[in-house]
Amino acid sequence: MLETRRLTATLAVTLLTAAAGCSSNISPPAVSNTPAPQVNSLKDATTEPAISVTKLTLAAINPNPVEQLKINQYLGGLAAKGFTKKTQGVWVQSSDSLLANHQGTTPLPAASITKVATSLVALSTFSPNHRFLTTISTTGPIKNGTLEGDLVIQGNLDPFFVWEEAFALGNRLNELGIKRVKGNLLINGKFYMNYEYDPLKSGNLLKVGMNSRLWTPQALTQYQTLPPGTPRPQVVIDGAVKVVPALPSNAQLLVRHYSPTLADLLKKMNRYSNNKMAEMIADSVGGAQQVARKAATLAGVPEAEIQLVNGSGLSELNRISPRAAVALFLAIDRYLKPLNMTIGDVLTVVGQDQGILDERKIPQMSVVKSGTLNTVSALAGALPTKDKGIVWFAIMNGGNNLTGFRTQQELLLNNLVNQWGVVDSLPSELTPTQKPEDQMSRNEVVK
């Protein structure tokens, strides 16, 4: 993984693939004297640019005859193999010109294209620089390396608190003089660790992560991906892990843990199609129904074209029309531009970003999201071309032929790009602009 010199490819493959998610290597930062980064509060509409809901979509009429012929030939090839055209959908547009359309306004099983809707609504609810906050408090004094009280964790929807965060937090507590907790580890709020929803299980994972003597093989594997010399934390908790409905009245704030930026979280989620992260992020903005409704409004399509039962795409009941899929990408693009960001900051850039698309033969420098279920193969995104600029597309295939669908998708897209001209370099409109070092998790000691 190229996101930071402190995050190795081994780490990315080990945790992101094994857990259908991703991981970040965080070394304990120095005590910060800078203002706290933005955390869990809805963005102020007077200071954050809003996603424009001006007309983003095109009418499903009058496609370009030349490109439409190519799509008809593509669909004819699938039909010849026994796959009905009723379960296929295609939408291709360049700027404000419709190039090709087949069932473009018909909602079809979208699989993980759903994550693009979740991304759009998360960006509109928070902001790209938003960070989820986890607080660490104590209920007693620190004497001779022992906390004479409880250690209290208050979670607040961070979807990316993984082993590395536990190691870094344990090391930070060691630096603050805490090597043993005489009381309990108390968990309050929505605290997730290693994509575990249950706060009690998450608390027990944290207890293990902060004490290297308890490390499981999985924890040790993650530690071994960190830079040589990274300290092994030792925070021994004498008491039990307990979930509490509220913070103790005598809790004193000690450390604020900030997640990576939302833009970085979305990029990780989309690159590895992390279903658990997607569900957690969808929950943070109100759930699947809210995602569907808001995404349709922001994308400028009828609500009927985006029908969701979850935020990840793990159901064939999640249906998005090809036109709406393209409109989701366009809405994200329009939102990020005033912030000097691009869709490449939150979605996979083929040939540059490692992830689930590594083995596919999708045109280089395209920015895409794929989706796969047992009988669904979907692919959508942006193709940079010389003659037509950025071409936006969505292909949704239904039927029991995933390998064949993928091969045909790749052939179609490569043929189109060759016809329209292969670009020499990634256009600025798609080039990520965020610096990896600015997106890392942070532990801020409260003075």
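Everything discussed here concerns the structure shown above.
Residues numbered from 1 in each chain as written. Predicted model: local features only at pLDDT ≥ 70, side-chain atom pairs only at ≥ 80, totals over all residues. Heavy atoms only, no water.

**Student:** Could you clarify how one ought to interpret the packing of aromatic side chains in this entry?
**Tutor:** The way to describe two aromatic rings as a pair is by their centre distance and the angle between their planes. What the rule picks out here adds up to eight aromatic pairs. Between Trp-163 and Phe-167, the ring centres sit 6.3 Å apart and the planes meet at 20°, which makes this aromatic pair stacked. Pair noted here: Trp-163 and Phe-167 are both in helix H4 (residues 163-175), with a separation of four residues, about one helical turn. Consider the rings of Phe-167 and Trp-215, whose centres lie 4.6 Å apart with planes at 40°: the pair is tilted. Of the two residues, Phe-167 is situated in helix H4 and Trp-215 in the loop between helix H5 (199-209) and helix H6 (217-223); the sequence distance between them amounts to 48 residues. What makes Trp-215 buried here is its relative accessible area of 12%. Taken together through their ring pairs, the aromatic side chains of Trp-163, Phe-167, Trp-215 and Tyr-223 make up a single cluster. (Phe/Tyr/Trp six-rings, centres within 6.5 Å; stacked < 30°, edge-to-face > 60°. Helix = DSSP H or I, 4+ residues; strand = E, 2+ residues; numbered from the N terminus. Buried < 20%, exposed > 50% of the residue type's maximum accessible area, 1.4 Å probe, protein only.)

**Student:** How should the packing of helix H2 (residues 65-80) against helix H11 (residues 402-420) be read in this particular structure?
**Tutor:** Any two packed helices are characterised by how steeply their axes cross, that is the angle between the axes, and by the distance between the axes. Taken N-terminus to C-terminus, the directions of H2 and H11 make an angle of 160°; their axes are 11 Å apart at the nearest point. Relative to H11, the element H2 is oriented roughly antiparallel. Regarding H2 and H11, the two cross each other, and that crossing is right-handed. Counted together, Val-66, Glu-67, Lys-70, Ile-71, Tyr-74 and Leu-78 of H2 and Phe-405, Gln-408, Gln-409, Leu-412, Leu-416, Gln-419 and Trp-420 of H11 form the full contact between these two elements. Per-class residue counts for the contact of H2 with H11 are eight nonpolar, three polar and two charged. (Axes fitted to C-alpha atoms, helices over the stretch in contact; angles between N-to-C directions. Parallel < 35°, antiparallel > 145°, perpendicular 65-115°, else oblique. Left-handed = near helix turned anticlockwise from the far one by under 90°. Contact = heavy atoms within 4.5 Å. Nonpolar A, V, L, I, M, F, W, Y, C, P; charged D, E, K, R; others polar.)

**Student:** Would you take a moment to explain the pattern of salt bridges for this structure?
**Tutor:** It is possible for side chains of opposite charge to pair when their charged atoms get near one another. If you walk through the whole model with that rule in mind, you get ten salt bridges. Residues Lys-267 and Asp-353 are paired through a salt bridge, measuring 2.7 Å at the closest nitrogen-oxygen approach. Taken together, the residues span a long stretch of sequence, with Lys-267 in helix H7 (residues 262-271) and Asp-353 in the loop between strand E15 (348-349) and strand E16 (367-373) at a distance of 86 residues. (Salt bridge = Lys/Arg side-chain N within 4 Å of Asp/Glu carboxyl O.)

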